[in-house]
Structure formats: structure tokens, C-alpha cells
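Observations on the model geometry
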Amino acid sequence: MDAQLQGIASLIGHTPMLSVTGGLVPPGKELILKLEGFNPSLSVKDRTALGLVLEGFRSGHLRKGGTLIESTSGNLGKALAMLGASLKFKVVVVVDPKISKATATMYSALGAEMIVVDRADEAGGFQKNRIKAVKEYLEQHPDAYWPNQYDNESNPLFHYNTTAVEILRSERKFDALVGAVSTGGHLSGIARRIKKERPSITIVACDSVGSAVFKNSFAPYLINGIGLGWRSANLDFEVMDRYCLVSDQQAISTCLSLARSEGLLIGGSGGAVVFTALNHLYKSQDKSTLALIPDSGINYLDQIFDEKWREKNSVHVLGESQLLDELRQSAATECVPVGAEENECVNTLQKV
């Protein structure tokens, strides 16, 4: 990280890694968790936000006293609001009804303005209409800076130059790396550098059932911070070997299992990543997998960790024995090589 950074930005990065064995992890194998929830605003989006903000200042599109606007499912908005307060620029976040009350409260506390898009698009998602709202705002405020996390190449580039280097310098030994896709920024950037330095590492992308990133069709899902209603320019499929689609039930059940067995709270996208990483460990010869955990479960105490919320959204939690059954079954998660024809299903062991 830039040694000249001061204030809250200087605390971003250098997140810990936790080794997990036993429980859901196959005997004789290791699951390593890169815990991005230890960033100041509790997610990997602190890194993304810093990269976008630094590029905005460098290019002249952002200045102190200026305005930044971005579409976000929650975490990037918190990170931008945090940096806006510290670096003295106005932040406008465009969100949808899936945002938690706690996140909205945090925006307000940090001085950010919030625009809520409550009209879903034809497929039932909100992301496309959030982008439309950003563009409408820019028409009225042409001097505002839209970092556009989806297509701005400084997003993956920042992770290539910082997060990936941090992982490599840790000298941790792992056979595969698993991460969630949404904008593609952190996984694509990290994977590109890992593949350059350690080409034998298998990169497994994790996505939500319902996301259009790999399937070109969208259906609503509960988990925040994962998936998209389209494919962003920052998604680099060339550095991804395979992907797995994980259901809301599998992701949320994994989160609750880790909380009770390890005392660890992670977000829903992290639950999906862990489920995918475990699935890979069960169905491959790899001995160790590094899982990029995007954020802390503290962000979702009023959602996935709240029993009433789960009941309201018809989420039936799987117990550990049921999760193990799903992980061991060949059809538990739909696994498709990156680049395969749509709807072609293969075993997780098959590689591109």
C-alpha cells in the first residue's frame, strides 16, 4: 500500500489469513481464509474504493470538495463514504431495497447521500436501473465523478498491484484460489497476478445461482455483493479455470456453520466462496485452497444471521451433516468450465 497514505486509508489492506481444518474441511486438507472483513469498513471493497479514488485524483476527475457517485450493493458505498469523509469529497451512493438498515445508517453517519432505486428491471434485478440512475444524476451534475467499478480497469489493476502481491508475499502454500465474482475487479486482478507468478494455481470463480455473469440470464437472489445482471468489462475469464454456482441456502448455511464451529462471522458472498472452496477440496486432489472472503458477517446481523429475516425469505438452514452431504454429492453445485457453452454441466474435476 502507498506509504504516503494517511488517515483511515492507511489502515486498508494487510488482512489476516486463517487456517481451518476439521469440521466441514476434508480430512488431511486445509482451507485458508483471507479475511477481508478486517479492513476498516469491513470488506474488500475498501481496497477497490481506494484504487478508484486514487485514480480519480490522479486523472483530475475527482478533487477535494468535488462529488463522487457510484452504484453499489452496499460495501463499496461504505468504503467510498469512509474515504469521502477522510479525504473531503462528497459521496452519493445509488442503492436498491436489498440494502440493510445498518448499511444505510452507516452511509448517513459518514455523510454520504443515498439514492434508492426501488423499481426492478424486466428480469427482477435492480443493478441496471441503478446504473441508469447514476447516468441521470451525471446529466444534472456533469462535474461529478463516476468511478464505474464495473468497467474501470483501475479496479482490477489495483488488486493486481496490491492485494495479489500481499498474498504472494505471505508465502502461504495453496493449490487453488477461490473468489466471488460480481464486478470482476478483485478476483480478476488477483487471479491475473497469481497466474503470472504461480501458473499452476487453479483459479475457481464463485457466483450466485440467478446471476447472469456466466449464464447470460438473471433471476433474483438474496445474497448481496456477488453476481451481476450482465457481464462487466472487468471480468477476465482468461485467468479463471472453472466456476461454481452456489444457492442462497448453501451460502447462508455455510455462514451459520462457520459462526458456530469457528466463532467466525462472514458475509453471504463469503459463505458462497467457502462452500465452493470446500466443494473443490472434496472433488479434487488439491490439498490446500485459499478462499478470498469479501466481508464480515457483522454487515448482515439484521439479515442472514437474523432468524426472522431467514423465515421471512423462506431460507431453510442446512445442518452440518446436510452440508457435508451436499459438498460430497457430484451435483451439489453446478460446476462448469469457464468458456463452456451455456447450460453445459460437468464434474468439478474437469478443467478447461
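Just so you know, these numbers come straight off a predicted model, no measurement behind them. (Residues numbered from 1 in each chain as written. Predicted model: local features only at pLDDT ≥ 70, side-chain atom pairs only at ≥ 80, totals over all residues. Heavy atoms only, no water.)

Right, let's get into the sheet that holds strand β4 (residues 90–95). Read across the open sheet, the 3 strands follow the order β3-β4-β5; overall the sheet is parallel. Looking at which strands have only one partner, the edges of the open sheet turn out to be β3 (67–71) and β5 (113–116). Ignoring which end each strand starts from, the neighbouring axes of this sheet average 20 degrees apart. With 5 bridges connecting them, β3 and β4 associate as parallel partners. Looking across to β4, one finds that L68 is bridged to V91. Together, β3, β4 and β5 form the strand contacts of helix α4 (residues 127–140), whose direction differs from that of β3 by roughly 160 degrees. (Pairing = 2+ DSSP bridges. Helix = DSSP H or I, 4+ residues; strand = E, 2+ residues; numbered from the N terminus. Axes fitted to C-alpha atoms, helices over the stretch in contact; angles between N-to-C directions. Contact = heavy atoms within 4.5 Å.)

For the rest of this paragraph, the subject is the UniProt feature "domain: Tryptophan synthase beta chain-like PALP" (unreviewed entry) in the chain. In the numbering used here, UniProt assigns the feature "domain: Tryptophan synthase beta chain-like PALP" (unreviewed entry) to residues 10–293. In residues 10–293, the share of helix is 39% and the share of strand is 17%. The end C-alpha atoms are 21 Å apart. (UniProt positions renumbered as here; feature names shortened; annotations may be inferred.)

Within the element layout of this structure, D46 appears in helix α1 (residues 45–59). Of the side chains with opposite charge, K78 comes closest to the buried, unpaired D46, at an N-O distance of 7.8 Å. (Buried < 20%, exposed > 50% of the residue type's maximum accessible area, 1.4 Å probe, protein only. Lys, Arg positive; Asp, Glu negative; His and termini not counted. Salt bridge = Lys/Arg side-chain N within 4 Å of Asp/Glu carboxyl O.)

In total, this model carries 4 aromatic pairs according to the counting rule given. Aromatic side chains F214 and Y243 sit 3.8 Å apart centroid to centroid with 5 degrees between the ring planes, which places their arrangement in the stacked category. Here F214, found in the loop between β7 (202–208) and β8 (242–246), pairs with Y243, found in strand β8; they are 29 residues apart in sequence, far enough to count as distant. Considered together, F214 and Y243 belong to a single accessibility category, that of buried residues. Here F218 and Y221 contribute two aromatic rings whose centre-to-centre distance is 5.8 Å and whose plane-to-plane angle is 55 degrees, an arrangement assigned as tilted. Since its relative accessible area comes to 8%, Y221 is described here as buried. Every member of this aromatic cluster is reached through a ring pair, and the members are F214, F237 and Y243. Here the basic side chain of K98 rests over the ring of Y221, its NZ or CZ set 4.6 Å away from the ring centre. Across from the ring centre of Y160, 4.8 Å away, lies the NZ or CZ of R193, which sits over that ring. (Phe/Tyr/Trp six-rings, centres within 6.5 Å; stacked < 30°, edge-to-face > 60°. Lys NZ or Arg CZ within 6 Å of the ring centre and 35° of its normal.)

Moving on, we come to the environment of G270. Inspection of the secondary structure puts G270 in helix α9 (residues 268–283). Note on G270: relative accessible area 0%, which makes it buried. Along the primary structure G270 and K64 are separated by 206 residues, whereas in three dimensions their C-alpha atoms are 34 Å apart. Residues in contact with G270, not counting those within four places in the same chain, are I293 and P294.

Counting 39 residues, the largest nonpolar core has L31, L33, V274, I293 and I304 as its most contacted members. When contributions to this core are tallied by element, the ones reaching two or more residues are β2 (30–35), β6 (176–180), β7, α8 (248–262), α9, β9 (288–293) and α11 (320–328). Of all the elements, α9 adds the most residues to this core, at 7 residues. With sequence-adjacent residues up to four places away left out, L31 is seen in contact with L18, S19, V20, V25, V274, A277, L278, L281, T289 and A291. Core analysis: the next-biggest nonpolar cluster, separate from the first, contains 28 residues, A191, A205, V213 and Y243 among them. (Core = buried A, V, L, I, M, F, W, Y, C linked by side-chain atoms within 4.5 Å.)

Bringing the pattern of salt bridges into the picture now. Where charged atoms from two side chains of opposite charge come close, those side chains can pair. Applying the stated rule across the entire model yields 9 salt bridges. The partner of E166 in a salt bridge is R47, with the nearest N and O atoms 3.0 Å apart. Here E166, found in helix α6 (residues 163–169), pairs with R47, found in helix α1; they are 119 residues apart in sequence, far enough to count as distant. Taken as a pair, E166 and R47 share a single burial class, namely buried. For the salt bridge of K90 with E113, the shortest nitrogen-to-oxygen distance reads 3.2 Å. Of this pair, K90 sits in strand β4 while E113 sits in strand β5, placing them 23 residues apart in sequence. Residue classification places K90 among the partly exposed positions, given a relative accessible area of 38%. Judged by relative accessible area, which is 32%, E113 ranks as partly exposed. Salt bridges linked by common partners bring K34, E36, R47 and E166 together as one network.

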